[in-house]
Structure formats: structure tokens, C-alpha cells
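# Observations on the three-dimensional arrangement
So you can see what is in the structure, the chains are spelled out below.
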Amino acid sequence: MKLKKTKRAMSMAMAVMVAVSAAACGKSETSSNSADSASSSAQTESKDNSSSAETQAKTDPSGASGEGQTITFWHSMGGVNGEAIDYLVKKFNEENTKNIKVDAQYQGSYDDAINKLKSAQIGNMGADLVQIYDIGTRFMIDSGWVIPMQDLIDADGWDDSQIEPNIAAYYTVDNKLYSMPFNSSTPILYYNKDMFEKAGITEVPDSLPGIEAVSEDLITKGGAGEAISLGIYGWFFEQFTAKQGKSYVDNGNGREGVATAVEFDSNGAGLNTLTAWKSLADKGYAPNVGRGGDAGLADFSSGKSAMTLGSTASLKQVLNDVNGKFEVGTAYFPKVSDDDQGGVSIGGASLWALNNEDEAKQMAVWEFVKFLVSPESQAYWNAQTGYFPVTVTAHDEPVFKENLEKYPQFETAIDQLHDSTPESAGALLSVFPEARTIVETEIENMINKNEKPEDALKTIADQINKSIEDYNLLNE
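Each value, and the rule that gives it
Residues numbered from 1 in each chain as written. Predicted model: local features only at pLDDT ≥ 70, side-chain atom pairs only at ≥ 80, totals over all residues. Heavy atoms only, no water. Helix = DSSP H or I, 4+ residues; strand = E, 2+ residues; numbered from the N terminus. Contact = heavy atoms within 4.5 Å. Areas by Shrake-Rupley, 256 points an atom, 1.4 Å probe, with all protein chains shown as cover. Salt bridge = Lys/Arg side-chain N within 4 Å of Asp/Glu carboxyl O. Pairing = 2+ DSSP bridges. Axes fitted to C-alpha atoms, helices over the stretch in contact; angles between N-to-C directions. Phe/Tyr/Trp six-rings, centres within 6.5 Å; stacked < 30°, edge-to-face > 60°. Buried < 20%, exposed > 50% of the residue type's maximum accessible area, 1.4 Å probe, protein only. Lys NZ or Arg CZ within 6 Å of the ring centre and 35° of its normal. Arc of directions from axis to C-beta. Polar contact = N/O pair within 3.5 Å; in protein donor to acceptor, adjacent residues only side chain to side chain. Parallel < 35°, antiparallel > 145°, perpendicular 65-115°, else oblique. Left-handed = near helix turned anticlockwise from the far one by under 90°. Nonpolar A, V, L, I, M, F, W, Y, C, P; charged D, E, K, R; others polar. Expected span 1.5 Å × (residues − 1). Core = buried A, V, L, I, M, F, W, Y, C linked by side-chain atoms within 4.5 Å.

## Quick look at the overall build of the protein
Assigned secondary structure in the protein consists of 20 helices and twelve strands. Sequence-distant contacts, at least 24 apart, represent 81% of the contacts inside the protein between residues at least 6 apart. Carbon together with sulfur atoms contributes 45% to the accessible area of the protein, which is approximately 17100 Å² in total.

## Section: the pattern of salt bridges
Taken as a whole and assessed by the stated rule, the structure comprises 18 salt bridges. We note a salt bridge from K98 to E367, for which the minimum N-O separation is 3.6 Å. Placement of K98 in the loop between α3 (79-95) and β2 (101-106) and of E367 in helix α15 (residues 359-372) is noted, with a sequence separation of 269 residues between them. Residue D217 pairs with K221 through a salt bridge whose shortest N-O separation is 3.8 Å.

## Here's the deal with the environment of Y285
The residue Y285 is located in the loop between α12 (269-282) and α13 (297-301) in this model. Once the C-alpha coordinates of Y285 and E216 are considered, the two residues, 69 residues apart in sequence, prove to be 7.8 Å apart. When sequence neighbours within four positions are dropped, the list of residues in contact with Y285 reads E212, S215, E216, I219, E226, A227, I228 and L280.

## Describing the sheet that holds strand β9 (residues 226-229)
A sheet is described by the order of its strands in space; here four strands give the open sequence β9-β10-β8-β11, paired in mixed fashion. Each edge of the open sheet is held by one strand with a lone partner, namely β9 and β11 (328-332). Each strand of the sheet is rotated relative to its neighbour by a mean of 20°, with strand direction disregarded. Of the strand pairs in this sheet, strand β8 (residues 187-192) and strand β10 (residues 305-311) are connected by five bridges, and their pairing is antiparallel. Note that in β10 the partner of Y190 across the bridge is T308. Lying over the sheet, helix α9 (residues 208-220) contacts β9 and β10, oriented at roughly 130° with respect to β9.

## Focus: the packing of aromatic side chains
Here the structure, examined in full by the defined rule, presents 24 aromatic pairs. Ring geometry for Y233 against F236: centres 5.3 Å apart, planes inclined by 90°, an arrangement best described as edge-to-face. This pair shows no difference in class: Y233 is buried, exactly as F236 is. R436 extends its terminal NZ or CZ atom over the ring of F432, reaching a point 5.8 Å from the ring centre.

## Observations concerning helix α14 (residues 315-322)
Those residues of α14 lying buried are L315, V318, L319 and V322. Mapping the buried residues of α14 onto a view down its axis gives an arc of 95°, with all of them on the same face. In this structure, the buried side of α14 is in contact with β8, α13, β10, β11 and α18 (410-419). Positive backbone phi, approximately 55°, marks N323, located one or two places after α14.

## Side note on unusual backbone geometry
Despite not being glycine, N323 shows a phi value in the positive range, around 55°. Judged by relative accessible area, which is 65%, N323 ranks as exposed. A positive phi angle, close to 55°, is found at N450, a residue other than glycine. Structurally, N450 can be placed in the loop between α19 (432-448) and α20 (453-474). Overall, N450 belongs to the exposed group, its relative accessible area being 53%.

## Regarding the side chain of S185
In this structure, S185 sits in strand β7 (residues 180-185). One polar contact links S185 to S311, side chain to side chain, over a distance of 3.2 Å.

## Here we look at the packing of helix α16 (residues 375-385) against helix α17 (residues 398-406)
Closest axis-to-axis distance for the α16/α17 pair is 8 Å, and the angle between their directions is 25°. By the angle between their axes, α16 is roughly parallel relative to α17. For the crossing formed where α16 meets α17, the hand is left-handed. Contacts between α16 and α17 involve A379, Y380, N382 and A383 from the former and V399, F400 and N403 from the latter. Classifying every residue of the contact of α16 with α17 by side-chain character gives five nonpolar, two polar and no charged.

## Regarding α19
In this model α19 runs 24 Å from its N-terminal to its C-terminal C-alpha over 17 residues, within 8% of the 24 Å that 1.5 Å per residue would give. With respect to burial, α19 is a largely interior element, 14 of its 17 residues being buried. Two residues or fewer past α19, N450 is found with a positive phi of approximately 55°.

## Structural notes on the nonpolar core
Inside soluble globular proteins, nonpolar side chains tend to come together where they are buried. If you look at the biggest cluster of nonpolar residues, it comprises 138 residues, and the most contacted ones within it are M140, M180, Y248, F368 and I464. Discounting residues that sit within four places of it in the chain, M180 has contacts with M149, I153, W158, I163, S350, L351, W366, V369 and V373.

## A closer look at the environment of T70
Mapped onto the elements, T70 comes out in strand β1 (residues 70-75). Accessibility expressed as a relative area gives 43% for T70, which makes it partly exposed. Here the alpha-carbon distance between T70 and N93, two residues 23 residues apart in the chain, equals 9.9 Å. Setting aside chain neighbours within four positions, we find T70 in contact with K101, D128 and K361.

Structure follows, in C-alpha cells:
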């Protein structure tokens, strides 16, 4: 199935997507990235962009230098992360030899940024470079608004093997890198080493059944009020699917073509996840602590729970909140079954070059992007934010080495990333925000209302499939 790149249709679809996205994301990977709802009914008339994204953005940036250009960069990094962005932008503006100036503009949440794009027109997008969250990837590819990053890479002869392959894999479709990874993270298991030692547990469990097996000892011997504070988060459900080596949706997980239906209902992944999750909840080991990726962190940091799941980018926050009360350990995100062979997929956001039909600005954008993913910039970004350095050689930078020495727990995140494979890259789905809302609602109902995993799975699959059908129908 091939989707039509019509601005009016994409704008209407975007309105549907954004209306549910705040609830979908719950809390994002870190508190500074939380996605608040920003609904807007603005729709604009525009020419029919029915050609593919590649054809529409078929410009050769090599014919322009970018010299003296001012480009606009929309981002969604607040707090400490925003300060790190400001530092990098200031450094680029002062040091680049082409007198390129970057005007960095904070847009609020990821939803705010992508919602603002839908009211723009090709050639006057309002921004030249925009940061878009991972679950907006399929939408951006379908939109026809972008210049694939691969086009800029190839025109410059830049070596894209510099990018961590398991990070680049998420944003790569048909061997084309559509956006440049920037703030990337994966989920990991955090555990209280003191409680484990007190309970006499010498091996950290690597699966949900393994967690269940040690939970009673952690409570009765280790002093935990909860074995694991497991936030109800759609991203975790997606990761449990990837850990089983299974697809979330059809058509090659939405990478060989536009997804038309979920597959986690038919391939067993969804039922396996919900059954194991409900078992932990029913036994009192994983009570409902709320929705979102950060929902379980408070109980863990206060010493109430012995384990939690969270983003690698939350490591500094966790360590600061624990403040030495106990020793924090980290381990790989757990498997659903002991014999699972899958990996984890990337979360976070990436940088998209918008097609404003201005070759000089395209070259200026590319110069700035190269600066942002340089080893020096990425080492600094990692040290300030906790996100992965997306450039392999950033690991050789003194700043990165010093940060790793200070926070050795981050080594777990690096090892887990390298032990995963591109096949675990994760799904691409235009209605992902809505899908996450559906997943979280039904997991909560399963726990609170004692629904059967089979019934919860059917509701999840039926509702997401309806959303996919509606979206695809709108964009045929």
C-alpha cells in the first residue's frame, strides 16, 4: 500500500494523531521530555505533494555552500537538556568558518513541534531543521516534507559508518537514513543492590519470570515494599515485543511498507507480555504505580521498590534522587521468557531536514548537523544529558571517558545497545501515539479490573487496527 503525500490529508491525519498524543506518551523518557497535549484544528491549502518524499526533495545541496545563511532549528529540549542545546548552538555560531547562524527555538513538547508543522506550507515551513520524536518517524517519512538525511550525507561524501549502527537502524528505511539520530536512549532495569544483598540474591534476574522468582525474598528478606515498580508505558510493551524477536505490526514492522495491522496479537508476543505482567501484578509484586516511563522511579529512588524499569537517560536523575541512600545497580531490560533472543529498540528523537526549496539553507543545515554529531559534541551531549553518543568515536573523547568513570552504571546501556541487533530496531507506525494510549489503558484495566490477558489483548489489537485503518483510508 502506498500513501498519498497530500498536504491536506496529512494535516487532517496529524490533527487526529496529536489529539491523543499527550495521553499516549504519558511521561516521556525523561521529565524534561514530557509530551503535553497541544491540539490545533489549523489546516492549510497547499499544492499536491503526491510524489514520494525522495522525489519531492530531490535537490543537490552540493551546488551551494551555505555561507552566510541563517537557519531556524526547532527543538523540544527543556531544562538541563535545553541548556546543553543552547551551549552547542552558541559554540557552532561562534566557531563555524562559513558564518552560518543557527536560530534555535524551543517549541515546547514534541507534540507542539510536530503540530506546528502541519499548518506550514512547503517552501515556508517555519523551520529548516526540526527535532521529532521516534514515534513520529513514519509520519515524517510519509509527509513529503523532508529531505532525507541520506541525500545530504551522499552529496557530501560523509562517512555514515560513524553513526552507531543499532541507533541508525531505527531511522533507516530501504537503506536510506531519513533523519539524523540525536537524543537516543534505551530502557534498562534499575535495582537496589543493598536489598538484593540483604535478601541473599546474587544474580540479577534477566526475565519477567526471573523477577517473579526473586520477588518474595526481596519483600520478606530484603525489606522491599514492592518487588518492582513497573510503570504502565506503551514503550515498555513495544520493548517486550522486541525482546521476543517479534514484530509489532505487519509489512516488516512497518519498514517494508505502510503497516495495515498489528502482529503482536497473532505472533504470541502480546499475550506473553500481558500474561507475565498480570502474574506479577496479581501476586502483589508489581502493583499499579501509574502510567509513563518515569512512573516507577519515585518508589525506587525512595527505597520502596527493589527494582524499576526506566530510560538510560534517567540514570543521573535516579542517582541524584537516591543521593547515596543505597547502591544503584543497572542491568539489561528484562526478557519476557527465559529463552527470548531479541534486543531493545531506540527511543528519543532525531533531526529532520525540512524541504524549503533552498539549496543554500540545506547546506547550512547539513553543516550544523555534522557539528551536532561530531565526536566532541556528542561526548559533551552525553555527559550533560545521559543520552547515548550517537557517534562511535565519541567514546574516545576524554569527556565521555570521564563521565563513564563517574557513572559506571552507564556501561550497561552501552553494552545492551551493542548486544542488540538492527533486527530489533522497532516498528514504524503513523498512529503510534494513539497506539500507546490504547496499550496503557488496557494494561491498566487488566490490572485494576482483573481482566483476562486474552481479553485485554483483543481490545488492544482491535482498537489499534481501527486507528491504522482510519489513518490509511484518509491517506490513500
